[in-house]
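# Analysis of the macromolecular model
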Amino acid sequence: MPHVVVACSSCRAFTGDVTTFDVEAATVREMIRELERRYPGFGEHIERKMAIAIDGEIHQDALFEPLRAESEVYLIPKIGGG
Amino acid sequence: MSDVLERPASSAPLDDGRLKIVGTRPIRPDGVDKVTGRALYGADLAMPGMLVGKVLRSPHPHARIVSIDTRKARALPGVKAIITGADFPELADEEYEAGESASNLRDLALNVMARDKALYNGHALAAVAATSSAVADEALSLIEVVYEVLPHVVAVEAAMADDAPVLHDKLFTGGLKEKPTKASNIAKRNEIKRGDLAAGFAEADVIFESRYDTAATHQGYIEPHACVASMASDGQCQVWSSSQGQFMIRTYCAKVLDIDASSIRVTPAEIGGGFGGKTTVYLEPLALALSRQSGAPVKMVMTRDEVFRASGPTSASVMTVRLGAKADGTLTAADVELKFQAGAFPGSPVGAASMTALACYDIPNFSIVGYDVVTNTPKVAAYRAPGAPISAFGVESAMDDLALTLGMDPIALREKNAVHDGTKASYGPTFRNIGYAETLEAIRSHPHYSAPLGPNQGRGVAVGFWFNVGGESTAAVNIAEDGTAMVITGNPDIGGSRASMAMMAAEVLGLPIEKVRPIVADTASIGFSMLTGGSRTTFAVGMAVTQAAQKIVEDLKRRAALLMDVSVDQVDWIYGAAVCTDVSKGKADLSLADLAAKSGQTGGPIGSQISLNAQGAGPGFGVHVCDVEVDPETGHVTILRYTAAQDVGKAIHPSYVEGQIQGGVAQGVGWALNEEYVFDTGGVMENAGFLDYRVPVASDLPMIDTVMVEVANPRHPFGAKGVGEVPIVPPLAAVANAVRGAIGKRMTSLPLSPPKIRAAIDAG
């Protein structure tokens, strides 16, 4: 199942010292729902504030991006620019 | 001068070696208007009955607003409207996505117009609309404000002190395990870490540590903020504005004034520079509110003084960097602390600075801690690769000293620790399709790197990284009856996007570039696009343009099949014409003009629109080398030679890519050598003008050589990566490292102004 890693401190307000998760999910939305179930409020935080790097490729606002069983998923702050 | 260094095999889907237009250098479609003065910028529009709007700004950096009395000003003949914070709705303390990332709406509105407190010298307190500039000025002088002046704080570390004046009573430091009980100017603490820091340093043969600081600098766009706004009696609004995103203007105005977004039509003016500083609103909501009250259109144009005092610079900072390495140069540990000035409201780019600080390096053990700190200074705004140049200044200066300590070539040290495809980035994800190693090699093998140096001269190397982003984008392509094409997008053209959009469409359609006209449309004439920023436009909007053109090609093939009486799978599109692949049928080719002429018989007008949320923007890396000469008598630094290499994916229009790289270097050189906000003890900026705040001009710079390394991004149809932000990341450190070489001393405080250099030389 996809392996999810939290890479920033803002997420730890929800997950405490837990920074890695194995989540049964076929899409980003399923992953977010499962993390919301485990840590109430975390899902909304992810949707609003986090970008999602799937196998090295950064996605923003991509709820329906597919996840593979062996996907490496990093939650990182959303990125803007100048 | 420029070189293009290509990987032999490109993985870009449409780059099959037969590109006719992408990669060439056609003249810019907006060039004639700009060089002849016909292009309309924010201040150029005039409307019948238009009023002049001006802003009353706080003379104090921190003060409670006891009262604002506008009665005398209202009685002045010619004054048509006066607004204060009371004319705006109270907004919730919540974040809302509009530009590229979320903004706190309450903070945004309070920055546009203060309510209870003025938080920086220059903070807007009231605005007037009058029949002339002179009347507006007199009206401002008649507004009576009673202040309770409060203690202020400007420097970032002073603002972090326990006894510092607190700007916001309800601001509690975020990012801590437990919510603090006391309000603080430290808005947020963020941390990124990996491995075992203590073990990493214990493993090191050499440890280098230093402290660095940088001054606040402004984006320095030549065109001040300017707009014209009109609200009709039925509530329908029009705004003409110079910004990095007409949709961003629409959204923020709608939120700040609590009106429907569909009631606001924003037409983008040409933009005379933005560099991130025009990714928010300052004047537009004020002009609309003044127009609502007066019933007339209102024009507002900031003076240069206002631009400096009231629009976003980037952060001043204080950093510490500690690096550990083995004797062979292998990095074993890094400990980075970043303290960033946010200005009056939270939101410095310290998060991005943290994520980029070590992104070029593969280090097993590290900690990066950042602090976002509010101060009584203008709220910072994005500035090209926000935060990255600052943290790169600290890390790349430390890397240079580490190379000296180890007796290693600075590029060799960076190569030894470089990230590659498959390396886990310091901010988390695994890198794919990056061209960093090739970019390092491009500089190592460049003649510049081995050229001899003279007395008082030094050479500096530095590297830099930026993520680049994609995002929501819309593009339309319409075919005219003569077979020419229009490409319509919703992004202001800042770095040449009109040209690149037209080129990508022309490539797919098979039209000469002269037959494709790019248009930047208003918010009512094209679907939503995120603003022009984050190095996203050529990548993301280009993806929409390409798909829109591809959709047209499919439609053209269908129409051609009808006219040829063949099945659609027997029609191919080759260089602008439908070709029947079954030569036995003897069908003549049909050009786009042929098909456009018969569009009425084959289904009606030819056009398409694509809206998408582009993902997969490839990250960019830059490697710069700079030669300087320092005058030991005056401390003046002359940039002798500068070469910048960058992984650009695929240069759609190489001249524009070179221009982006050269522009980033020029701004970075200014940041390194001259530019800084200077505040007096009363918290007032002392150098709010281009005479005293000195940006580099052409005579300050040599020709900046560029090397475009093309490692294709497989997610873009032509392999493009963002290019606009990476080039401002390395120059601060590249210049500082060159000065280190020239004078034999490390300068850790930017800017490297002549007095500082003289002081360092004099110290012996």
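Quantities reported herein were computed from a predicted structural model and do not represent experimental measurements.

## Quick look at the packing of aromatic side chains
- Inspection of the entire model under this criterion finds 21 aromatic pairs over all chains.
- Judged by centre distance (6.5 Å) and plane angle (50°), the rings of F21(A) and F42(A) are tilted. With F21(A) in strand β2 (residues 20-22) and F42(A) in helix α3 (residues 42-49), this pair connects stretches of sequence that are 21 residues apart.
- Geometrically, the ring pair formed by Y677(B) and Y693(B) is edge-to-face, given 6.1 Å between the ring centres and 85° between the ring planes. Of the two residues, Y677(B) is situated in the loop between α18 (654-673) and β29 (704-710) and Y693(B) in the loop between α18 and β29; the sequence distance between them amounts to 16 residues.
- By way of ring pairs, the aromatic residues Y427(B), F431(B), Y436(B), F465(B), W466(B), F467(B) and F621(B) are connected into one cluster.
- Over the face of the ring belonging to F172(B) we find K179(B), whose NZ or CZ atom lies 4.9 Å from the ring centre.
- The ring of F201(B) has R322(B) lying over it, and the distance from NZ or CZ to the ring centre is 4.0 Å.

## Describing the packing of helix α11 (residues 388-406) of chain B against helix α19 (residues 731-743) of chain B
All names here are of chain B.
- α19 packs onto α11 with a crossing angle of 35° between their chain directions and a minimal axis gap of 8 Å. Crossing hand, α11 versus α19: right-handed. On α19, the residues touching P389, A392, F393, E396, S397, D400, D401 and L404 of α11 are L732, A733, A736, N737 and R740.
- Its residues assigned to classes, the contact of α11 with α19 shows seven nonpolar, two polar and four charged.

## Some thoughts on the domain arrangement of chain B
All names here are of chain B.
- Partitioning chain B into domains gives domain 1 (1-9 + 432-468 + 618-764) and domain 2 (470-614).
- Relative to domain 2, the C-alpha centre of domain 1 lies at a distance of 38 Å.
- Residue-level contacts link 16 residues of domain 1 with 15 residues of domain 2.
- In total, domain 1 and domain 2 occlude about 1200 Å² of area from one another, counting both sides; carbon and sulfur atoms represent 70% of this.

## With respect to the confidence of the model for chain B
- Averaged over chain B, the pLDDT score is 95; the fraction of residues at 70 or greater is 97%.
- Segment residues 1-11 of chain B is flagged for pLDDT under 50; beyond a separation of four residues in sequence, or across chains, it makes 27 contacts in the model.

## Quick word on the interface of chain B and chain A
- The interface is formed by 35 residues belonging to chain B together with 26 residues belonging to chain A.
- Around 2300 Å² of area is buried between chain B and chain A when both sides are counted, 47% of it from carbon and sulfur atoms.
- The interface formed by chain B and chain A includes three salt bridges.
- Across the salt bridge formed by R715(B) and E57(A), the nearest N and O atoms sit 2.2 Å from each other.
- Counting every contact that joins chain B to chain A gives 11 residue pairs in polar contact (both at pLDDT 80 or more).
- For the side of chain B that touches chain A, the elements supplying multiple residues, two or more each, are β5 (95-97) and β10 (186-194) of chain B.
- Looking at which element gives the most residues to the side of chain B that touches chain A, the answer is β10(B), with five residues.
- Grouping the constituent residues of the side of chain B that touches chain A by class yields 12 nonpolar, 11 polar and 12 charged.

## Digging into the sheet that holds strand β14 (residues 264-268) of chain B
Residues and elements named next belong to chain B.
- A sheet is described by the order of its strands in space; here seven strands give the open sequence β4-β8-β2-β15-β12-β13-β14, paired in mixed fashion. Strands at the two margins of the open sheet, each flanked by one partner only, are β4 (79-84) and β14. With strand direction ignored, the average angle separating the axes of adjacent strands in the sheet is 20°.
- Bridging between strand β12 (residues 226-231) and strand β13 (residues 237-241) involves five bridges; their strand directions are antiparallel. Looking at β13, one finds that S230 is bridged to Q238.

## As for the pairing of strand β28 (residues 637-647) of chain B
Residues and elements named next belong to chain B.
- Of all 11 residues that make up β28, eight are buried, and the element is covered over most of its length.
- Judged from the nine bridges that link them, strand β27 (residues 620-630) and β28 form a sheet pairing that is antiparallel. Directly across from V628, in β28, lies its bridge partner I639.
- Hairpin remark: β27 followed by β28, antiparallel, with six residues in the connecting loop; positive phi at G635, about 80°.
- Bridge count between β28 and β29: six bridges; the pairing is parallel. Across the sheet, residue Q646 finds its bridge partner in β29, namely M708.
- Considered for its hand, the β-α-β crossover made up of β28, α18 and β29 is right-handed.

## Let's talk about the pattern of salt bridges
Residue and element names in this part refer to chain B.
- If you walk through the whole model with that rule in mind, you get 47 salt bridges over all chains.
- The salt bridge involving D30 is made with K34; its shortest N-O contact spans 2.7 Å.
- By relative accessible area, which is 4% here, D30 ends up buried.
- Residue classification places K34 among the partly exposed residues on the basis of a relative accessible area of 25%.
- One salt-bridge network, held together by shared partners, links R28, D30, K34, E270, D493 and R498.

## Topic: the side chain of H716(B)
Residues and elements named next belong to chain B.
- Among the secondary structure elements, H716 is positioned in the loop between β29 and α19.
- Given a relative accessible area of 0%, H716 falls into the buried group.
- Polar contacts involving the side chain of H716 include one to the main-chain amide nitrogen of F718, which spans 2.9 Å.
- Here A720 takes part through its backbone nitrogen, which lies 3.3 Å from a polar atom of the side chain of H716.

## As for the nonpolar core
All names here are of chain B.
- One finds L402, Y427, Y436, Y642 and V739 to be the most contacted residues of the largest nonpolar core, which totals 108 residues.
- Ranked by residue count, the leading element in this core is α11, at 10 residues.
- Counting residues in hydrophobic clusters, the runner-up holds 49 residues, among them M543, A544, L595 and L612.

## Brief notes about the packing of helix α7 (residues 246-257) of chain B against helix α8 (residues 284-294) of chain B
Residue and element names in this part refer to chain B.
- Packing of α7 against α8 leaves a shortest axis separation of 9 Å and a crossing angle of 55°. Classified by the angle between their axes, α7 and α8 sit oblique to one another. When you trace α7 past α8, the crossing you get is right-handed. Where α7 abuts α8, its residues I249, C253, V256 and L257 lie against E284, P285, L288, A289 and R292.
- Along the lines of polarity and charge, the residues of the contact of α7 with α8 split into seven nonpolar, no polar and two charged.

## What to know about the environment of D421(B)
Residues and elements named next belong to chain B.
- With respect to the element layout, D421 can be found in the loop between α12 (410-416) and α13 (436-444).
- Taking C-alpha positions, D421 is 6.0 Å from N433, a pair spaced 12 residues apart along the chain.
- D421 has contacts with F431, R432, N433 and I434, leaving out every residue within four places of it along the chain.
- Within the structure, D421 has its side chain in polar contact with the backbone nitrogen of N433 (distance 2.9 Å).
- Within the structure, D421 has its side chain in polar contact with the backbone nitrogen of I434 (distance 2.9 Å).

Procedures and definitions
Residues numbered from 1 in each chain as written. Chains lettered and ligands numbered in written order. Predicted model: local features only at pLDDT ≥ 70, side-chain atom pairs only at ≥ 80, totals over all residues. Heavy atoms only, no water. Phe/Tyr/Trp six-rings, centres within 6.5 Å; stacked < 30°, edge-to-face > 60°. Helix = DSSP H or I, 4+ residues; strand = E, 2+ residues; numbered from the N terminus. Lys NZ or Arg CZ within 6 Å of the ring centre and 35° of its normal. Axes fitted to C-alpha atoms, helices over the stretch in contact; angles between N-to-C directions. Left-handed = near helix turned anticlockwise from the far one by under 90°. Contact = heavy atoms within 4.5 Å. Nonpolar A, V, L, I, M, F, W, Y, C, P; charged D, E, K, R; others polar. Domains from an automatic or database assignment. Buried area = accessible area lost by both parts, 1.4 Å probe. pLDDT = per-residue confidence, 0-100. Salt bridge = Lys/Arg side-chain N within 4 Å of Asp/Glu carboxyl O. Polar contact = N/O pair within 3.5 Å; in protein donor to acceptor, adjacent residues only side chain to side chain. Pairing = 2+ DSSP bridges. Buried < 20%, exposed > 50% of the residue type's maximum accessible area, 1.4 Å probe, protein only. Right-handed = clockwise from strand over helix to strand, strands pointing away. Core = buried A, V, L, I, M, F, W, Y, C linked by side-chain atoms within 4.5 Å. Parallel < 35°, antiparallel > 145°, perpendicular 65-115°, else oblique.

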